[in-house]
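Working through the structure, step by step
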Amino acid sequence: MKITGKLGVALMMCAAATLTACHDDDDFLNITVRLNQTEIPYGDDNVWLGVAENQPFQSQYMVFSHAGEVGAWGLVWSGFTPARIGTATAPEGTSWLDNQFMVMTSGGMNGNGTPYIVSYWNTMENDTTPLESRSCHIYYSSHPDGTHYEFSPMSVYVTNTCYAYYTIKEGNAFAAPFTAADHLTLVAHGVHPDGTESTAEFRLAGADTTGELSVVDSWEQFSLSSLGVVTDIYFTMESSQRNQWGMTAPSYFALDCLSFRAKLPGK
């Protein structure tokens, strides 16, 4: 069918605009970080072999912060640690802290025993902590020591670790069990190219719509799209249960399948 006149001109202009938009967007890709597609060495305990070292790890151009060492008090670490433990049951005679890399889902988004990331936020951080010193810090780069490229976060799946879940439910020597009046909230901070920040929040524990305490025990999608275009993301946590040293609930969370939109490095 041949279309002429003003309608034809308008349709041609619209088609041209559409083609131009598609062309401008050709270099951008939707990327999802999948640990089962990344070569990560694990120990016999199914925890990343680099957990006791001060080094980040990288998956699909996304760099995840990590600090760790074995000292007089045993393993001390913060940031992000890959694991793939296929159970959520603590062996008899051990504590949940001894099993801090277990998650309530017994595995990542791909099923039992598949990889996921356990995160431990350093509660000593405050509003003046420099970005490079943030314990749970993520950026997009072709190399862990390279340029921080711009990207647009879309979402990430999150859940509770077993240690956090059962402390919230049952309490321990340092924390009382939660009531429906309490909450544990994960906060994502997006750092924009001009240095300003935006935030998004996800409730890991708190009152549900019926007023009862609800604690996340499955993989739930946390939307990050409101953060906009960023060069970095870092996570912090907030809780209603606190003492003079900070929040008493374990500052742990787990994540998987971080999705974002970006150009490939070098494009």
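Details of the structure are given in the entry above.
In this report, the structure presented in the accompanying data block is examined. (Residues numbered from 1 in each chain as written. Predicted model: local features only at pLDDT ≥ 70, side-chain atom pairs only at ≥ 80, totals over all residues. Heavy atoms only, no water.)

Some words on the overall build of the protein
Tallying secondary structure elements over the protein gives 2 helices and 18 strands in all. The dimensions of the protein, computed from C-alpha atoms along their principal axes, are 80 × 45 × 40 Å. Counting every position in the protein, which comprises 267 residues, the buried fraction comes to 46%. For the protein, contacts bridging at least 24 residues in sequence account for 67% of all contacts bridging at least 6. When the accessible surface of the protein is summed, it comes to about 13700 Å², and 52% of that surface belongs to carbon and sulfur atoms. Across the protein, 11 positive and 28 negative side-chain charges occur, with their mean positions spaced 15 Å apart. (Helix = DSSP H or I, 4+ residues; strand = E, 2+ residues; numbered from the N terminus. Buried < 20%, exposed > 50% of the residue type's maximum accessible area, 1.4 Å probe, protein only. Contact = heavy atoms within 4.5 Å. Areas by Shrake-Rupley, 256 points an atom, 1.4 Å probe, with all protein chains shown as cover. Lys, Arg positive; Asp, Glu negative; His and termini not counted. Charge placed at Lys NZ, Arg CZ, Asp CG, Glu CD.)

Digging into the nonpolar core
Residues Phe-64, Phe-80, Phe-222 and Phe-235 are the most contacted members of the largest nonpolar core, which totals 62 residues. Here this core takes 7 residues from strand S18 (residues 252–263), the largest share from any one element. (Core = buried A, V, L, I, M, F, W, Y, C linked by side-chain atoms within 4.5 Å.)

A few points about the pairing of strand S8 (residues 116–120)
The buried fraction of S8 is high, at 4 of 5 residues. In terms of strand pairing, strand S5 (residues 74–83) meets S8 through 5 bridges, oriented antiparallel. Directly across from Gly-79, in S8, lies its bridge partner Tyr-120. Judged from the 4 bridges that link them, S8 and S18 form a sheet pairing that is antiparallel. Bridging from a neighbouring strand, Ser-119 pairs with Phe-253 of S18. (Pairing = 2+ DSSP bridges.)

Comments concerning the packing of aromatic side chains
Evaluated as defined, the whole model comprises 18 aromatic pairs. Centre to centre, the rings of Trp-77 and Tyr-120 are 5.8 Å apart; their planes meet at 50°, and the pair counts as tilted. With Trp-77 in strand S5 and Tyr-120 in strand S8, the pair connects residues that are 43 residues apart, well separated along the chain. In this structure Trp-77 comes out as buried when scored by relative accessible area, which is 6%. Here Tyr-120 falls in the partly exposed class, since its relative accessible area comes to 24%. Linked through ring pairs, Trp-48, Phe-57, Phe-64, Phe-80, Phe-235 and Phe-253 together constitute an aromatic cluster. (Phe/Tyr/Trp six-rings, centres within 6.5 Å; stacked < 30°, edge-to-face > 60°.)

Observations regarding the sheet that holds strand S13 (residues 213–215)
Strand order in this open sheet of 7 strands is S2-S3-S9-S15-S11-S12-S13, and the pairing throughout is antiparallel. A single partner strand is all that each edge strand has here, and the edge strands are strand S2 (57–59) and S13. Averaged over all adjacent pairs, the angle separating strand axes in this sheet is 30°, with direction ignored. Two strands pair when backbone bridges link them, and S2 and strand S3 (residues 62–64) are joined in this way by 3 bridges, in the antiparallel orientation. Bridging across to S3, Ser-59 finds its partner in Met-62. (Axes fitted to C-alpha atoms, helices over the stretch in contact; angles between N-to-C directions.)

Comments concerning the pattern of salt bridges
Evaluation of the coordinates by the stated rule reveals 1 salt bridge. A salt bridge links Glu-125 to Arg-134, with the shortest nitrogen-to-oxygen separation between them at 3.1 Å. Owing to a relative accessible area of 10%, Glu-125 belongs among the buried residues under this scheme. (Salt bridge = Lys/Arg side-chain N within 4 Å of Asp/Glu carboxyl O.)

Quick notes on the side chain of Thr-114
Structurally, Thr-114 can be placed in the loop between strand S7 (111–112) and S8. Each residue touching Thr-114, except ones within four places of it in the same chain, is listed here: Ala-83, Arg-84, Gly-107, Gly-108 and Met-109.

Focus on the environment of Phe-64
Looking at the element boundaries, Phe-64 is found in strand S3. Taking relative accessible area as the criterion, Phe-64 reaches 0% and is therefore assigned buried. Considered as a pair, Phe-64 and Ile-233 are 169 residues apart in the sequence and their alpha carbons are 9.9 Å apart. The contact partners of Phe-64, leaving out residues within four places of it in the chain, are Val-33, Pro-56, Phe-57, Phe-80, Ile-117, His-137, Ile-138, Leu-255 and Leu-258.

Quick word on the pairing of S18
Counting buried positions along S18 gives 10 out of 12 residues, so the element sits mostly inside the fold. Where strand S1 (residues 28–32) lies against S18, 5 bridges are found, and the strand directions are antiparallel. Paired with Phe-28 across the two strands is Lys-263, which belongs to S18. In this sheet, S18 lies alongside strand S10 (residues 152–159) in antiparallel orientation, the contact comprising 6 bridges. Bridge assignment links Val-158 to a residue of S18, and that residue is Leu-255.

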